[in-house]
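As a plain string of letters, each chain reads:
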Amino acid sequence: MRTFTTLEGNSQRLDGGAMFGNAPKALWSRWADTDEHNRINLSCRALLVQEDDRTILVETGIGAFFEPRLKERYGIVEDHHVLLDSLAEVGLTHEDIDVVVLTHLHFDHAGGLLSAWEKGQPSTLLFPNARFITGQRHWHRAKRPHPRDQASFIPELLKLLESSGRLDLIEDGQLSSTLGDSWRFHFSDGHTPGLMMPEFDMPDGPVVFPGDLVPGAAWVHLPITMGYDRFPEALIDEKEGLLDALYDRGGRLIFTHDPQVAIARIDRDDKGRYQVTNAQGNQKRISR
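Residues numbered from 1 in each chain as written. Predicted model: local features only at pLDDT ≥ 70, side-chain atom pairs only at ≥ 80, totals over all residues. Heavy atoms only, no water.

A. Local environment of unusual backbone geometry. You will see that phenylalanine 127, though not glycine, has its phi angle at about 60°, which is positive. Unlike most non-glycine residues, asparagine 278 shows phi in positive territory, near 55°.

Now the structure itself:
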(Lines give C-alpha, C1' and ligand atoms only; values in the text may rest on other atoms or scores of the structure.)
Protein backbone atom coordinates (compact mmCIF):
# COMPACT_ATOMS: atom_id res chain seq x y z
CA MET A 1 0.00 0.00 0.00
CA ARG A 2 1.17 3.53 -0.77
CA THR A 3 -0.19 6.82 0.59
CA PHE A 4 0.98 10.34 -0.04
CA THR A 5 0.57 13.63 1.78
CA THR A 6 1.75 17.12 0.85
CA LEU A 7 3.51 18.99 3.65
CA GLU A 8 4.20 22.69 4.03
CA GLY A 9 7.68 23.92 4.80
CA ASN A 10 8.86 27.48 5.41
CA SER A 11 7.34 30.02 3.04
CA GLN A 12 9.04 32.79 1.10
CA ARG A 13 8.33 36.13 -0.53
CA LEU A 14 10.38 36.68 -3.69
CA ASP A 15 10.38 39.27 -6.45
CA GLY A 16 7.55 38.52 -8.88
CA GLY A 17 9.56 39.59 -11.91
CA ALA A 18 12.32 37.12 -11.03
CA MET A 19 9.82 34.32 -10.58
CA PHE A 20 8.14 34.96 -13.95
CA GLY A 21 11.22 35.67 -16.06
CA ASN A 22 10.55 37.73 -19.16
CA ALA A 23 6.77 37.70 -18.77
CA PRO A 24 5.45 41.24 -18.15
CA LYS A 25 3.75 42.02 -14.87
CA ALA A 26 0.53 42.79 -16.74
CA LEU A 27 0.42 39.07 -17.51
CA TRP A 28 1.74 37.41 -14.35
CA SER A 29 -0.24 39.67 -12.01
CA ARG A 30 -3.29 37.62 -13.05
CA TRP A 31 -1.81 34.72 -11.09
CA ALA A 32 -0.05 36.33 -8.13
CA ASP A 33 -0.56 39.37 -5.89
CA THR A 34 2.43 41.47 -4.83
CA ASP A 35 3.39 43.32 -1.68
CA GLU A 36 4.89 46.82 -1.54
CA HIS A 37 8.28 45.38 -2.60
CA ASN A 38 6.86 43.58 -5.67
CA ARG A 39 7.29 40.23 -3.92
CA ILE A 40 4.88 37.33 -4.32
CA ASN A 41 4.05 34.59 -1.81
CA LEU A 42 5.62 31.19 -2.37
CA SER A 43 5.37 27.84 -0.66
CA CYS A 44 8.30 25.48 -0.21
CA ARG A 45 6.27 22.27 -0.24
CA ALA A 46 7.45 18.72 0.38
CA LEU A 47 5.80 15.40 -0.40
CA LEU A 48 5.52 12.57 2.12
CA VAL A 49 5.07 9.08 0.64
CA GLN A 50 4.37 6.23 3.05
CA GLU A 51 4.73 2.67 1.83
CA ASP A 52 4.39 -0.65 3.63
CA ASP A 53 7.95 -0.77 4.91
CA ARG A 54 9.34 2.74 4.49
CA THR A 55 8.63 6.46 4.73
CA ILE A 56 9.91 8.71 1.94
CA LEU A 57 10.16 12.49 1.83
CA VAL A 58 10.52 14.30 -1.48
CA GLU A 59 12.33 17.58 -0.82
CA THR A 60 12.59 19.47 2.45
CA GLY A 61 11.90 23.08 1.49
CA ILE A 62 14.06 26.00 2.51
CA GLY A 63 14.01 25.30 6.24
CA ALA A 64 15.21 27.81 8.82
CA PHE A 65 19.01 27.53 8.59
CA PHE A 66 19.69 31.11 7.42
CA GLU A 67 20.99 33.61 9.94
CA PRO A 68 18.67 36.65 10.38
CA ARG A 69 20.31 38.93 7.80
CA LEU A 70 20.07 36.33 5.02
CA LYS A 71 16.62 35.25 6.18
CA GLU A 72 15.43 38.79 5.49
CA ARG A 73 17.27 38.98 2.15
CA TYR A 74 15.62 35.82 0.85
CA GLY A 75 12.18 36.66 2.17
CA ILE A 76 11.76 33.70 4.52
CA VAL A 77 8.65 34.27 6.59
CA GLU A 78 8.81 31.98 9.63
CA ASP A 79 11.57 31.78 12.24
CA HIS A 80 11.16 28.11 13.10
CA HIS A 81 11.51 24.93 11.00
CA VAL A 82 7.96 24.59 9.64
CA LEU A 83 8.50 21.22 7.95
CA LEU A 84 9.24 19.61 11.32
CA ASP A 85 5.88 20.92 12.56
CA SER A 86 4.17 19.55 9.45
CA LEU A 87 5.71 16.15 10.07
CA ALA A 88 4.53 16.28 13.68
CA GLU A 89 0.98 16.96 12.48
CA VAL A 90 0.98 13.55 10.76
CA GLY A 91 2.59 11.82 13.75
CA LEU A 92 6.19 11.75 12.52
CA THR A 93 9.59 13.27 13.28
CA HIS A 94 12.55 13.71 10.97
CA GLU A 95 14.03 10.58 12.56
CA ASP A 96 11.17 8.51 11.09
CA ILE A 97 12.11 9.27 7.49
CA ASP A 98 13.86 6.41 5.67
CA VAL A 99 14.59 8.14 2.34
CA VAL A 100 14.86 11.79 1.28
CA VAL A 101 14.64 12.44 -2.47
CA LEU A 102 16.02 15.78 -3.65
CA THR A 103 15.13 17.10 -7.10
CA HIS A 104 18.14 19.39 -6.79
CA LEU A 105 20.28 21.06 -4.16
CA HIS A 106 19.31 24.73 -4.32
CA PHE A 107 18.78 26.04 -0.82
CA ASP A 108 15.01 26.52 -1.18
CA HIS A 109 14.64 22.79 -1.88
CA ALA A 110 17.34 21.26 0.32
CA GLY A 111 17.84 23.76 3.16
CA GLY A 112 15.28 21.90 5.28
CA LEU A 113 17.85 19.12 5.70
CA LEU A 114 19.62 21.41 8.17
CA SER A 115 18.74 22.31 11.72
CA ALA A 116 17.30 25.75 12.44
CA TRP A 117 19.76 28.61 12.93
CA GLU A 118 21.10 29.17 16.44
CA LYS A 119 23.57 31.92 17.23
CA GLY A 120 27.07 30.55 17.61
CA GLN A 121 26.04 26.99 16.68
CA PRO A 122 26.93 25.18 13.44
CA SER A 123 24.18 23.68 11.33
CA THR A 124 23.60 19.96 11.79
CA LEU A 125 22.18 17.43 9.34
CA LEU A 126 18.67 16.27 10.23
CA PHE A 127 17.06 12.96 9.15
CA PRO A 128 19.69 10.72 10.80
CA ASN A 129 18.14 7.46 9.57
CA ALA A 130 17.53 8.45 5.96
CA ARG A 131 19.36 7.81 2.74
CA PHE A 132 19.61 10.90 0.55
CA ILE A 133 18.96 10.51 -3.18
CA THR A 134 19.74 13.07 -5.87
CA GLY A 135 21.02 13.16 -9.44
CA GLN A 136 24.68 12.50 -10.08
CA ARG A 137 25.10 15.23 -12.70
CA HIS A 138 23.43 17.76 -10.46
CA TRP A 139 25.68 16.75 -7.55
CA HIS A 140 28.69 17.59 -9.70
CA ARG A 141 27.09 20.94 -10.57
CA ALA A 142 26.56 21.67 -6.88
CA LYS A 143 30.17 20.80 -6.07
CA ARG A 144 31.49 23.04 -8.85
CA PRO A 145 28.75 25.61 -9.52
CA HIS A 146 28.77 28.26 -12.19
CA PRO A 147 29.13 31.83 -10.87
CA ARG A 148 25.55 32.49 -11.96
CA ASP A 149 24.08 30.00 -9.48
CA GLN A 150 26.86 29.61 -6.94
CA ALA A 151 24.85 31.43 -4.26
CA SER A 152 22.01 28.90 -4.66
CA PHE A 153 24.00 26.11 -3.00
CA ILE A 154 24.92 25.49 0.66
CA PRO A 155 28.57 24.36 0.85
CA GLU A 156 28.28 23.08 4.41
CA LEU A 157 25.27 20.96 3.45
CA LEU A 158 27.19 19.30 0.64
CA LYS A 159 29.97 18.41 3.07
CA LEU A 160 27.50 16.99 5.58
CA LEU A 161 25.74 14.90 2.94
CA GLU A 162 29.04 13.54 1.62
CA SER A 163 30.36 12.66 5.06
CA SER A 164 27.09 11.02 6.13
CA GLY A 165 27.83 7.89 4.12
CA ARG A 166 24.14 7.84 3.16
CA LEU A 167 24.20 9.66 -0.18
CA ASP A 168 22.94 7.88 -3.31
CA LEU A 169 23.64 9.51 -6.67
CA ILE A 170 21.42 8.49 -9.60
CA GLU A 171 22.66 8.58 -13.18
CA ASP A 172 20.32 9.68 -15.95
CA GLY A 173 18.10 6.81 -17.04
CA GLN A 174 18.82 4.67 -13.99
CA LEU A 175 16.58 3.48 -11.19
CA SER A 176 17.42 3.81 -7.51
CA SER A 177 18.66 0.68 -5.77
CA THR A 178 17.23 2.15 -2.57
CA LEU A 179 13.73 2.86 -3.91
CA GLY A 180 13.49 0.06 -6.46
CA ASP A 181 11.62 -0.08 -9.75
CA SER A 182 8.37 1.32 -8.39
CA TRP A 183 9.99 4.77 -8.59
CA ARG A 184 11.15 6.32 -11.87
CA PHE A 185 13.00 9.55 -12.60
CA HIS A 186 12.84 12.25 -15.25
CA PHE A 187 15.88 14.48 -15.76
CA SER A 188 16.00 18.10 -16.85
CA ASP A 189 18.68 20.73 -17.51
CA GLY A 190 16.63 23.88 -18.13
CA HIS A 191 16.42 25.11 -14.54
CA THR A 192 19.70 23.61 -13.38
CA PRO A 193 21.77 20.83 -14.95
CA GLY A 194 20.71 17.38 -13.80
CA LEU A 195 17.49 18.26 -11.98
CA MET A 196 15.82 14.94 -11.07
CA MET A 197 12.04 14.53 -10.93
CA PRO A 198 10.63 11.44 -9.20
CA GLU A 199 7.54 9.63 -10.44
CA PHE A 200 5.45 6.87 -8.85
CA ASP A 201 2.15 5.25 -9.69
CA MET A 202 -1.22 5.51 -8.02
CA PRO A 203 -4.42 3.69 -9.11
CA ASP A 204 -5.67 6.78 -10.95
CA GLY A 205 -2.42 7.54 -12.76
CA PRO A 206 1.19 8.58 -12.20
CA VAL A 207 2.31 11.33 -9.82
CA VAL A 208 5.36 13.47 -10.65
CA PHE A 209 7.16 15.96 -8.42
CA PRO A 210 8.68 18.32 -11.03
CA GLY A 211 10.50 20.70 -8.67
CA ASP A 212 11.46 23.89 -10.47
CA LEU A 213 10.70 22.60 -13.95
CA VAL A 214 7.06 23.42 -13.15
CA PRO A 215 7.08 25.19 -9.75
CA GLY A 216 3.39 26.13 -9.71
CA ALA A 217 0.16 26.07 -11.66
CA ALA A 218 0.95 29.28 -13.57
CA TRP A 219 4.16 27.76 -14.95
CA VAL A 220 2.18 25.05 -16.73
CA HIS A 221 1.80 27.65 -19.50
CA LEU A 222 4.67 26.76 -21.84
CA PRO A 223 6.23 30.22 -22.36
CA ILE A 224 6.35 30.99 -18.63
CA THR A 225 9.78 30.46 -17.08
CA MET A 226 11.69 31.92 -14.15
CA GLY A 227 14.53 34.39 -14.20
CA TYR A 228 16.43 31.82 -12.14
CA ASP A 229 16.35 29.22 -14.93
CA ARG A 230 19.73 28.53 -16.54
CA PHE A 231 18.44 27.60 -19.99
CA PRO A 232 14.85 28.85 -20.48
CA GLU A 233 14.36 27.67 -24.07
CA ALA A 234 15.53 24.16 -23.17
CA LEU A 235 13.27 24.24 -20.12
CA ILE A 236 10.23 24.98 -22.27
CA ASP A 237 11.00 21.97 -24.47
CA GLU A 238 11.50 19.74 -21.43
CA LYS A 239 8.32 21.01 -19.84
CA GLU A 240 6.33 20.34 -23.01
CA GLY A 241 7.63 16.76 -23.11
CA LEU A 242 6.67 16.12 -19.49
CA LEU A 243 3.22 17.70 -19.83
CA ASP A 244 2.56 15.77 -23.04
CA ALA A 245 3.32 12.51 -21.30
CA LEU A 246 1.27 13.32 -18.21
CA TYR A 247 -1.70 14.46 -20.28
CA ASP A 248 -1.64 11.22 -22.26
CA ARG A 249 -1.32 9.11 -19.10
CA GLY A 250 -3.76 11.01 -16.89
CA GLY A 251 -1.00 12.04 -14.50
CA ARG A 252 -0.73 14.63 -11.75
CA LEU A 253 1.90 17.15 -10.70
CA ILE A 254 2.86 18.20 -7.18
CA PHE A 255 3.73 21.91 -7.11
CA THR A 256 6.48 22.86 -4.69
CA HIS A 257 6.16 26.67 -4.82
CA ASP A 258 2.48 27.34 -5.48
CA PRO A 259 0.90 28.80 -2.31
CA GLN A 260 -2.63 27.72 -3.28
CA VAL A 261 -2.36 24.67 -5.52
CA ALA A 262 -0.52 21.62 -4.19
CA ILE A 263 -1.61 19.08 -6.80
CA ALA A 264 -3.39 19.13 -10.15
CA ARG A 265 -3.99 17.17 -13.31
CA ILE A 266 -2.94 18.42 -16.72
CA ASP A 267 -5.49 19.37 -19.37
CA ARG A 268 -5.58 21.29 -22.64
CA ASP A 269 -7.94 24.08 -23.64
CA ASP A 270 -9.66 24.29 -27.02
CA LYS A 271 -6.51 25.83 -28.53
CA GLY A 272 -4.29 23.03 -27.27
CA ARG A 273 -2.68 25.12 -24.53
CA TYR A 274 -1.86 23.38 -21.27
CA GLN A 275 -3.78 24.20 -18.12
CA VAL A 276 -4.44 22.58 -14.76
CA THR A 277 -7.62 20.81 -13.77
CA ASN A 278 -8.82 19.27 -10.50
CA ALA A 279 -6.51 21.70 -8.69
CA GLN A 280 -6.38 21.07 -4.95
CA GLY A 281 -4.64 22.40 -1.87
CA ASN A 282 -2.58 20.29 0.50
CA GLN A 283 -3.54 16.62 0.47
CA LYS A 284 -3.86 14.31 3.44
CA ARG A 285 -3.19 10.59 3.01
CA ILE A 286 -4.20 9.76 -0.54
CA SER A 287 -4.00 5.97 -0.69
CA ARG A 288 -3.40 3.23 -3.17
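B. Representation of the pattern of salt bridges in the model. What the rule picks out here adds up to 19 salt bridges. The partner of arginine 131 in a salt bridge is aspartate 168, with the nearest N and O atoms 2.8 Å apart. Here arginine 131 is found in strand β7 (residues 131-135), whereas its partner aspartate 168 is found in strand β8 (residues 167-170), with 37 residues between them in sequence. We classify arginine 131 as partly exposed; its relative accessible area is 29%. In this structure, glutamate 199 and arginine 249 form a salt bridge, with 2.5 Å as the shortest nitrogen-oxygen distance. Here glutamate 199 is found in strand β10 (residues 195-202), whereas its partner arginine 249 is found in helix α8 (residues 232-249), with 50 residues between them in sequence. Sharing partners across several salt bridges, the network here consists of Arg184, Glu199, Asp201 and Arg249. (Salt bridge = Lys/Arg side-chain N within 4 Å of Asp/Glu carboxyl O. Helix = DSSP H or I, 4+ residues; strand = E, 2+ residues; numbered from the N terminus. Buried < 20%, exposed > 50% of the residue type's maximum accessible area, 1.4 Å probe, protein only.)

C. Quick look at the pairing of strand β3 (residues 39-42). Burial along β3 is one-sided: the residues Ile40 and Leu42 are buried and none of Arg39 and Asn41 is. Here four bridges tie strand β2 (residues 12-15) to β3, and the two strands are oriented antiparallel to one another. Of the residues in β3, the one forming a bridge with glutamine 12 is leucine 42. (Pairing = 2+ DSSP bridges.)

D. Region of the structure containing the packing of aromatic side chains. For the structure on display, the rule yields nine aromatic pairs. Look at phenylalanine 4 and phenylalanine 200: their rings are 5.9 Å apart centre to centre, the planes differ by 65°, and that puts the pair in the edge-to-face class. Taken together, the positions of phenylalanine 4 in strand β1 (residues 2-7) and phenylalanine 200 in strand β10 put the pair 196 residues apart, joining distant regions of the chain. The burial state of phenylalanine 4 is the same as that of phenylalanine 200; both residues are buried. Centroid distance phenylalanine 20 to tryptophan 219: 4.5 Å. Interplanar angle 10°. Geometry classified as stacked. Remark: tryptophan 219 occurs in the loop between β11 (205-208) and α8 and phenylalanine 20 occurs in the loop between α1 (16-19) and α2 (25-28); sequence separation between them is 199 residues. (Phe/Tyr/Trp six-rings, centres within 6.5 Å; stacked < 30°, edge-to-face > 60°.)

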